[in-house]
Amino acid sequence: MDINKIWDDTLSLIEAEVTNVAYNTWFLAMTPVSLTDKNIMLEANDDFVKRTIDAKYLNLIQNALLQVTHQKLNIITYVKGKKPEIEPAEEKSLASEVNDRGTRDRNGLTKKYRFENFVVGGSNKLAYSAAVAVSEMPGDAYNPLFLYGGVGLGKTHLMNAIGNEALENTKDLKIAYLSCETFMNQLIESIGKNKTAEFRSKYRELDFLLIDDIQFISEKTQTQEEFFHTFNELLLNNKQIVISSDRPPSEIKHLADRLVSRFQAGLVVDLKLPDFETRTAILQSKAKSLNYDVPNDVIQYIAQNIKSNIRELEGVLNRVIFYSKIYPGSITIEMAENAIEDIIKMNKPKITVEYIQEIVAAFYEVTTDDLKSKTKTKKLATARQAAMYLCRKMLDINYKEIGKKFGNKDHSTVISACNKIERLLNEDEDTKNTLLNLEKKINDQ
Ligand code: ADP
Ligand code: MG
């Protein structure tokens, strides 16, 4: 197939997924250059475009390309005029490196996350001190160290900083950083290939293990079992373990008690929402590292308006800097306003049937499987009808598709559910309030 045609088709898929601004500024600034059965090479108009695409959109591009070409292609990006010379044999490894933003080591660590560029404030001081202690005295300070906190508050950054620092102190340290999902996938793969012994020894021989986002282990009994043994083996030998999670051990659902108590046995420390001063300091440090002079009032405006997530804070700053490139002149509050709007829109996850089912199920205290079942207790029937009605109302999806997503029910079942709710909305104040409430919850995700 013709590369230009492929890229055009890919772009039209992407256009539906991102904001107009993002589409025009990032994707239209990329030109396809070459295509093999493994790689596609894309030329970026400038360094900023390349960096943004690399940092945020490689997965999106790869998925869109997958739909168009039915092939998982590596994406190689470069800045106009700096086309890399690649030997065919090297091509593949280089591409996967680029996909990993070129910064991840073999041990999984991302080099750019360091203690030196981690801004310390009241919200993360304890976590930071514990992290430093662990990196200086692996196995001796706190073991395991369990870090928890909401999305974008610095867990991954801190874990990588620990690993990078520990490695600097002891060059031949056997260390691995990985997400819980990767751990699980490797385990599954090893089972499939009859190589569990190798999997085990690989992790049990480490000096230092960092596992990110352990909450994914919830309900995965076999992974829990395997992790439990790895964990014990390492602790027994005084090897350091660091774990992160979006919640404390006791709140991870369906986590075996023995793991909960293991996790709590060392130090459990949380990363809180940063206060205004810390947010400001993070923005200042980030602007400085990018070599941009961002006026204080703009920094403060951003810090005042983005409170819940440092990743978003960075996103807004990047965007402001970008605006200042397309609309030269000094960086203004108005730019910050636009940037905030864009980022909030972009980060808002799409509402899906599954999401509606989750919210409705939680509200009625049933499970999403219950909603898809055939059971017809009064509570369940009401919950199911409400969920179907909300899908029809809030999503662009027909009765038949809704039925499918509710355990393959007939479209006539969905129609009568919707009719029933509509009737109740007129007759019954309680139903009306409940549904308004649910709709609001779904929109506020
Ligand atoms: P989490 O893993 O908790 O979701 P991350 O560690 O990925 O969050 O952090 C999100 C982004 O915010 C990263 O780019 C990280 O470098 C940055 N960040 C988080 N906390 C700080 C901090 N205290 N100082 C500087 N940057 C930070
Ligand atoms: Mg993380």
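Below or above, wherever it landed, is the structure these notes cover. Starting from 1, residues in each chain are numbered consecutively following that chain's sequence as written. Chain letters and ligand numbers both follow the written order, the letters beginning at A and the numbers at 1. Confidence filtering applies because this is a predicted model: local features only for residues at pLDDT of at least 70, side-chain atom pairs given and counted only at 80 or more, and all residues used for totals across whole chains, interfaces and linings. To obtain the side-chain values, all non-hydrogen atoms of the structure were included, while hydrogens and water were left out.

Considerations on the sheet that holds strand β1 (residues 30-35)
What holds strands together in a sheet is hydrogen bonding between their backbones, with the strands either parallel or antiparallel.
Part 1 of the reasoning: At least two DSSP bridges between two strands are required for those strands to pair. Numbering of helices and strands runs from the N terminus; a helix is a DSSP stretch of H or I covering at least four residues, while a strand is a stretch of E covering at least two. As summarised here, the arrangement of the 3 strands in space is β1-β2-β3, forming an open sheet in which the pairing is mixed. This sheet does not close on itself; its edge strands, each paired only once, are β1 and β3 (74-79). Ignoring strand direction, the axes of neighbouring strands in this sheet form an average angle of 30 degrees.
Part 2 of the reasoning: Here 6 bridges tie strand β2 (residues 39-44) to β3, and the two strands are oriented parallel to one another. Counted as the bridge partner of alanine 44 is valine 79 from β3.
Part 3 of the reasoning: Running over the sheet, helix α1 (residues 3-15) touches β1 and β2 and is turned about 135 degrees from β1. For every element, the axis is a line fit to its C-alpha atoms; helices are fit only across the contacting stretch, and the angle between N-to-C directions ranges from 0 to 180 degrees. The contact rule is simple, with two residues in contact once any of their heavy atoms fall within 4.5 Å.

Concerning the side chain of serine 324
Part 1 of the reasoning: Summarising the element assignment, serine 324 is placed in helix α13 (residues 310-326).
Part 2 of the reasoning: Under the scheme applied here, a residue whose accessible area is under 20% of the maximum for its type counts as buried, over 50% as exposed, and between as partly exposed, the area being computed with a 1.4 Å probe on protein chains only. A relative accessible area of 12% places serine 324 in the buried class.
Part 3 of the reasoning: At a separation of 2.6 Å, a polar atom in the side chain of serine 324 contacts the main-chain carbonyl oxygen of isoleucine 321.
Part 4 of the reasoning: Residue contacts for serine 324: discarding those within four places in its chain leaves Tyr292, Gly329, Ile331 and Met335. The definition of a polar contact used here is a pair of N or O atoms within 3.5 Å, where within protein one atom must be able to donate a hydrogen and the other to accept one, and adjacent residues in sequence count solely through side-chain atom pairs.

Comments concerning the site of ligand 1
Part 1 of the reasoning: By nearness alone, 17 residues border ligand 1, and Val119, Gly152, Thr156, His157 and Glu314 come closest of all.
Part 2 of the reasoning: At 2.8 Å from a nitrogen atom of ligand 1 is found a main-chain nitrogen or oxygen belonging to valine 119.
Part 3 of the reasoning: At a separation of 2.6 Å, an oxygen atom of ligand 1 approaches a polar backbone atom of glycine 152.
Part 4 of the reasoning: Residue exposure ignores everything except the shown protein chains as possible cover, and the areas themselves are Shrake-Rupley values with a 1.4 Å probe. The fraction of the free accessible surface of ligand 1 (550 Å²) that becomes covered by protein chains is 92%.
Part 5 of the reasoning: At the level of elements, α6 (155-169) and α13 are the ones that each hand at least two residues to the shell around ligand 1. Residues are counted as near a molecule or strand when any one of their heavy atoms sits within 4 Å of it.

Describing α13
Part 1 of the reasoning: Look at α13: 25 Å from first C-alpha to last across 17 residues, which is about the 24 Å you get at 1.5 Å a residue.
Part 2 of the reasoning: Counting buried positions over the 17 residues of α13 gives 12, a clear majority of the element.
Part 3 of the reasoning: Looking only at α13, the buried set comprises Ile310, Glu312, Leu313, Gly315, Val316, Leu317, Arg319, Val320, Ile321, Phe322, Tyr323 and Ser324.
Part 4 of the reasoning: If you check the start of α13, you find a side-chain oxygen 2.6 Å away from the backbone N of arginine 311, and it comes from asparagine 309. Helix span, expected: 1.5 Å multiplied by one less than the number of residues in the helix.

Some points on the pattern of salt bridges
Part 1 of the reasoning: What makes a salt bridge here is a side-chain nitrogen of Lys or Arg within 4 Å of a carboxyl oxygen of Asp or Glu, nothing more. Taken as a whole, this structure holds 15 salt bridges when the rule is applied.
Part 2 of the reasoning: The residue aspartate 246 makes a salt bridge to arginine 247 at a minimum N-O spacing of 2.8 Å.
Part 3 of the reasoning: Judged by its relative accessible area of 29%, aspartate 246 falls in the partly exposed class.
Part 4 of the reasoning: The class of arginine 247 is partly exposed, set by a relative accessible area of 31%.
Part 5 of the reasoning: A salt bridge links glutamate 439 to lysine 393; the nearest nitrogen and oxygen atoms lie 2.9 Å apart. Separated by 46 residues along the polypeptide, glutamate 439 in helix α20 (residues 429-443) and lysine 393 in helix α17 (residues 378-394) bring together distant segments of the chain.

Things to note about the packing of helix α19 (residues 411-427) against α20
Part 1 of the reasoning: Interaxial distance between α19 and α20 falls to 6 Å at its minimum, and their mutual angle equals 115 degrees. What the angle tells us is that α19 and α20 run roughly perpendicular. For α19 against α20, the interelement crossing comes out left-handed. Two secondary-structure elements touch here, α19 through Ile421, Leu424, Leu425 and Glu427 and α20 through Glu429, Thr431, Lys432 and Leu435. Oblique is the label for any angle not covered by the other classes, which are roughly parallel (under 35 degrees), roughly antiparallel (over 145) and roughly perpendicular (65 to 115). Whether a crossing is left-handed or right-handed is set by the direction in which the near helix is turned from the far one by less than a right angle, anticlockwise for left-handed and clockwise for right-handed.

Examining helix α15 (residues 353-364)
Part 1 of the reasoning: Along its 12 residues, α15 runs 16 Å from first to last C-alpha, staying within 8% of the 16 Å computed at 1.5 Å per residue.
Part 2 of the reasoning: Looking at α15, one finds that the buried residues are Val353, Tyr355, Ile356, Gln357, Ile359, Val360, Ala361 and Tyr364.
Part 3 of the reasoning: Where α15 is buried, its residues touch α16 (368-372), α17, α18 (399-405) and α20.
Part 4 of the reasoning: A positive backbone phi angle near 55 degrees is found at glutamate 365, which sits one or two residues after α15.

A closer look at the environment of glutamate 439
Part 1 of the reasoning: Taking the relative accessible area as the measure of exposure, glutamate 439 reaches 19% and is therefore buried.
Part 2 of the reasoning: What glutamate 439 contacts, discounting residues up to four positions off in sequence, is Leu390, Lys393 and Met394.

Here's the deal with the sheet that holds strand β4 (residues 145-148)
Part 1 of the reasoning: Strand order in this open sheet of 5 strands is β5-β6-β7-β4-β8, and the pairing throughout is parallel. Because the sheet does not close on itself, it has two edges, and the strands there are β5 (175-179) and β8 (267-270). Geometrically, the sheet is characterised by an average inter-axis angle of 15 degrees between neighbouring strands, direction not taken into account.
Part 2 of the reasoning: Of the pairings in the sheet, the one linking β4 to β8 comprises 4 bridges and is parallel in character. Looking at β8, one finds that tyrosine 148 is bridged to aspartate 270.

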